[in-house]
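Topology and contacts: notes
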There are 2 protein chains.
Amino acid sequence: VTDLDATIADHARRAREAARSIVHADDKVLDEAISGMAARIVDAAPTILAASTRDVEAAEASGMSPALIDRLRLDAARLEAIGGQLRQLAEVPHRAAEREVRTLDDGSKVLEREIPIGVVGANYEARPNVTIDVASQLVKSRNAGVLRTGAAALGSAAALVDEVVAPALADAGLDPQLIQLVRQPDRDAAFALVHQPELIPLVILRGSGDSTRSLANEAARHGVRTLAHADGGASMYVHPAADRDTLLGLVGAGLDRLGVCNRLNLLLLDEAEWDSLLPVIVEKLESLGVTPSLPPHTHRLGHEWALDDGKEATVTISPVAGPTAAARTATEETSGLAATIVTDDAAAAREFIDAYGGTGVFWNRTTRVLDGFKLLGVPETGINVDRVPGPRGPVTFRDLVLRQFVVVPG
Amino acid sequence: VTDLDATIADHARRAREAARSIVHADDKVLDEAISGMAARIVDAAPTILAASTRDVEAAEASGMSPALIDRLRLDAARLEAIGGQLRQLAEVPHRAAEREVRTLDDGSKVLEREIPIGVVGANYEARPNVTIDVASQLVKSRNAGVLRTGAAALGSAAALVDEVVAPALADAGLDPQLIQLVRQPDRDAAFALVHQPELIPLVILRGSGDSTRSLANEAARHGVRTLAHADGGASMYVHPAADRDTLLGLVGAGLDRLGVCNRLNLLLLDEAEWDSLLPVIVEKLESLGVTPSLPPHTHRLGHEWALDDGKEATVTISPVAGPTAAARTATEETSGLAATIVTDDAAAAREFIDAYGGTGVFWNRTTRVLDGFKLLGVPETGINVDRVPGPRGPVTFRDLVLRQFVVVPG
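We now turn to the structure provided with this report. (Residues numbered from 1 in each chain as written. Chains lettered and ligands numbered in written order. Predicted model: local features only at pLDDT ≥ 70, side-chain atom pairs only at ≥ 80, totals over all residues. Heavy atoms only, no water.)

Let's talk about the relation of the copies chain B and chain A
Formally: Least-squares superposition of the copies uses the C-alpha atoms of those residues scoring a pLDDT of at least 70 in each of them. Residues are treated as being in contact if the distance between any of their heavy atoms lies within 4.5 Å.
Once chain B has been moved 0.0 Å along the axis and rotated by 180°, it coincides with chain A to within an RMSD of 0.0 Å. Interpreted geometrically, this transformation is the action of a two-fold axis. No C-alpha of chain B approaches the rotation axis more nearly than that of Gly390 of chain B, which lies at 1.9 Å. Here 100% of the contact residues of chain B are again contact residues in chain A; the copies associate through an equivalent surface.

Below you can see the structure in the form of structure tokens.
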């Protein structure tokens, strides 16, 4: 056990103790705490922006890339946006957590219900706004949390916890210790966060790529479950009955941002239309400044360009034999995040949808819609691409629960 | 990659290919296959019983304990019981796998649905009947499977697959390769079964104790999810308002079998009644041939007697301060499988129920009811005590699904 492990365990114990204040709190109290965060974001803006400026200056001095610095920076408009999201979350209705499933022969009632997990971990790098995002969703789901962010964002994250989260919890009558922020800038704190299966059984890993993959593996070795998607990359299958304008529109919509997990990454073109449609698609990609990767491929078919530094503006194109073959390729050769079929043929759409095994499948719609807020109207806790039962695809606060059965006399 | 790993991967690929025959099969076809298994259990009884006799004779020659041999043996009555369970499963109605959750601004419909996992693994030791149990539940949930059993049960398990499962699948028009049985008697095949996250993302581990724990750890290291409970052991809290007859009845009901995971293992007696009720409880235990383990304890409070060879007939007794303290002790010091409160005070019952975090919580009812069939009326695939979202407590075929979102034009 390292010092960092002991530090994390200490945070987790404090969070667990505080969690007892939220399990039976009124729904209204939770929403008051979240609304209170929205109000405090405004009141504390000068302090938060000063902390952000210090983080950004330090990052610039250390040579951080402009793209990462952009993620790191908080400004008045971003604080305003965070406040808006909080107000929206506060208004999402709470669902009944308990339902009667059966009456036993002796008259006993069997109830199935959802209870909080207890303490949930979250790791995220240079995006200080995730602090508020995760904290508010944990409060909405009656969980406590141990949050860990990268050294670059630590000043801003600490300001958000100290000036916004903790006082808003206290104002609502909840224990401000509910949301713990790891104050060590040490990179190894992320690993220590996934070493405590008894105290922190679930950790949300924001981000993607190798660092997420290595954290997810470390967690698995320690018996800690993660909600994560190290890999993304969406697929599009172009069927012979595709409408050309719809196709070009969806190629554009799928590439409005290149660094995101649900962007168009692999375009599967029906071999019957390879000769007729390939030039049209390539021309469209070129108009967007995107390079097609054509066969024969020297990379895995599912290679994720969003994670390939400097080659983000690439889309893999490959021929396929039909809807089922396309769906299987998209399922087996990629992370299985999302896939769409472009066609005006309803039977082909049904065939593709039913053969795809990933987390989201779309018909004449962009895979960019695979997002908790866009799909479900509530903020996204994270995305999970595991091929096992449980929360999968966009995960929201509603998923941060444990199943429990209750038997009481009838 | 060992030879066994390659063998398992080969089984998994054949199962995955066969799974394509079941994804879109009519519900009726699934139930026909399961009813067909029930019919064939009768027709093939002589062959199955002959195989069982050979297994039992070999086990006796190897010096297997009588208790294990009893689990291993199939006889006419047991085959009849298996047939009855199959007929019951065939009659369980299928649920709608798809529901509309939202309409997007552009009129698109968002559907949430359940799709099969694909290939599910199962490992079980000397209980050949689990072969039919797991195979039928996989068919009901439209999954394929790779089943592995211990060397002692392999002859009977093979007879059940070859004479019952495969022909019943074929009769119903399904691919008999759907259910693969690993034919290697090698103990390491169990480890190889949890080495294939891409092909077999989920493995059901029947049984408990160290062997299950080590398999679950091996699976986690390889990124394979398991449904398992290495540890069980239920708790009972005796409140001052307990009715004495109810209490004695529940002590007896909780100890009707000593080798099962949901039996009474830890009795928490309210300290206010320690002096008055301890003698009554100890007398009751002694009448059942069960020894109380009284404080000061030299073992962990949650030590599971069912797994302590030769000491199964023991119950730990410990004082607690009240309903909340009892629920926390039961949650934190045991596997969190199940707990019950004995009281006639509804407020105390509510307090205990709401403070307990395990998978099943009961009021004046025995924890022996924590069982898929008893609670939910459908066969139990396994029990899972993970403290994370997803199937938890008794797992049934209904849980062997993946969540998927579908977006289609409105």
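Notes on the environment of His299 of chain B
Residue and element names in this part refer to chain B. Inclusion rule: Only DSSP runs of H or I reaching four residues or more are called helices, and only runs of E reaching two or more are called strands; each is numbered from the N terminus. Relative accessibility decides the category of a residue: with a 1.4 Å probe and only protein chains considered, values under 20% of the type maximum give buried, values over 50% give exposed, and everything between is partly exposed. Nitrogen and oxygen atoms within 3.5 Å of one another constitute a polar contact, given that in protein one can donate a hydrogen and the other can accept it, and given that sequence-neighbouring residues count only through two side-chain atoms.
Along the chain, His299 falls in the loop between strand S10 (291-293) and strand S11 (314-320). With relative accessibility at 19%, the residue His299 sits in the buried group. For His299 and Thr246, which are 53 residues apart along the polypeptide, the C-alpha to C-alpha distance reads 29 Å. Apart from residues no more than four positions distant in its own chain, His299 is found in contact with Ser293, Trp305 and Thr316. A distance of 2.7 Å separates the side chain of His299 from the side chain of Ser293, its partner in a polar contact.

Topic: the pairing of strand S16 (residues 401-408) of chain B
The line we're drawing: One requirement defines pairing of two strands: DSSP has to find at least two bridges between them.
Summarising burial for S16 of chain B: eight of the eight residues are buried, a large majority. Every second residue of S16 of chain B is oriented toward a common face, with Val401, Arg403, Phe405 and Val407 of chain B on one face and Leu402, Gln404, Val406 and Val408 of chain B on the other, all of them buried. Here three bridges tie strand S13 (residues 360-363) of chain A to S16 of chain B, and the two strands are oriented parallel to one another. Paired with Phe362 of chain A across the bridge in S16 of chain B is Val407 of chain B. Where strand S2 (residues 109-116) of chain B lies against S16 of chain B, eight bridges are found, and the strand directions are antiparallel. Residue pairing for S16 of chain B: Pro116 of chain B is matched across the bridge by Val401 of chain B.

Comments concerning the interface of chain B and chain A
What counts is decided by this rule: Two parts placed together each lose some accessible area under a 1.4 Å probe, and adding up what both lose gives the buried area. Think of a salt bridge as a Lys or Arg side-chain nitrogen and an Asp or Glu carboxyl oxygen that are within 4 Å of each other. Under the convention adopted here, Pro, Cys and the residues Ala, Val, Leu, Ile, Met, Phe, Trp and Tyr are nonpolar, Asp, Glu, Lys and Arg are charged, and Gly plus all remaining residues are polar.
Contacts between the two partners involve 60 residues from chain B, matched on the other side by 60 residues from chain A. Each partner contributes to the roughly 5,200 Å² buried at the junction of chain B and chain A, and carbon and sulfur atoms together form 53% of this total. Inspection of the chain B/chain A interface yields ten salt bridges. Two residues, Glu332 of chain B and Arg20 of chain A, come together in a salt bridge whose shortest N-O distance is 2.9 Å. Across the contact surface, chain B and chain A share 34 residue pairs in polar contact (both at pLDDT 80 or more). For the side of chain B that touches chain A, the element with the most residues is S16 of chain B, which contributes eight residues. Across the side of chain B that touches chain A, the residue classes break down as 31 nonpolar, ten polar and 19 charged.

Structural notes on helix H5 (residues 76-91) of chain A
Residues and elements named next belong to chain A. Quick note on the threshold: A helix is expected to span 1.5 Å multiplied by its residue count minus one. The arc refers to the directions leading from the helix axis to the C-beta atoms.
Over its 16 residues, H5 runs 23 Å from end to end, which matches the ideal 22 Å to within 8%, given 1.5 Å per residue. Every buried residue belonging to H5 is among Leu79, Ile82, Gly83, Leu86, Leu89 and Ala90, and all of these are buried. Each buried residue of H5 sits inside an arc of 125° when the element is viewed along its axis, so together they form one side. Residues Ala77 and Glu91 are exposed on H5 and point more than 90 degrees away from its buried face. Looking at the buried side of H5, the elements it contacts are helix H2 (27-43), helix H3 (45-61) and helix H6 (129-140).

Notes on the side chain of Ser318 of chain B
Residue and element names in this part refer to chain B. Looking at where Ser318 falls in the secondary structure, it is placed in strand S11. Residue classification places Ser318 among the buried positions, given a relative accessible area of 9%. In this structure Ser318 touches Leu267, Leu268, Leu269, Trp274, His297 and Leu301, once residues within four positions along its chain are discounted.

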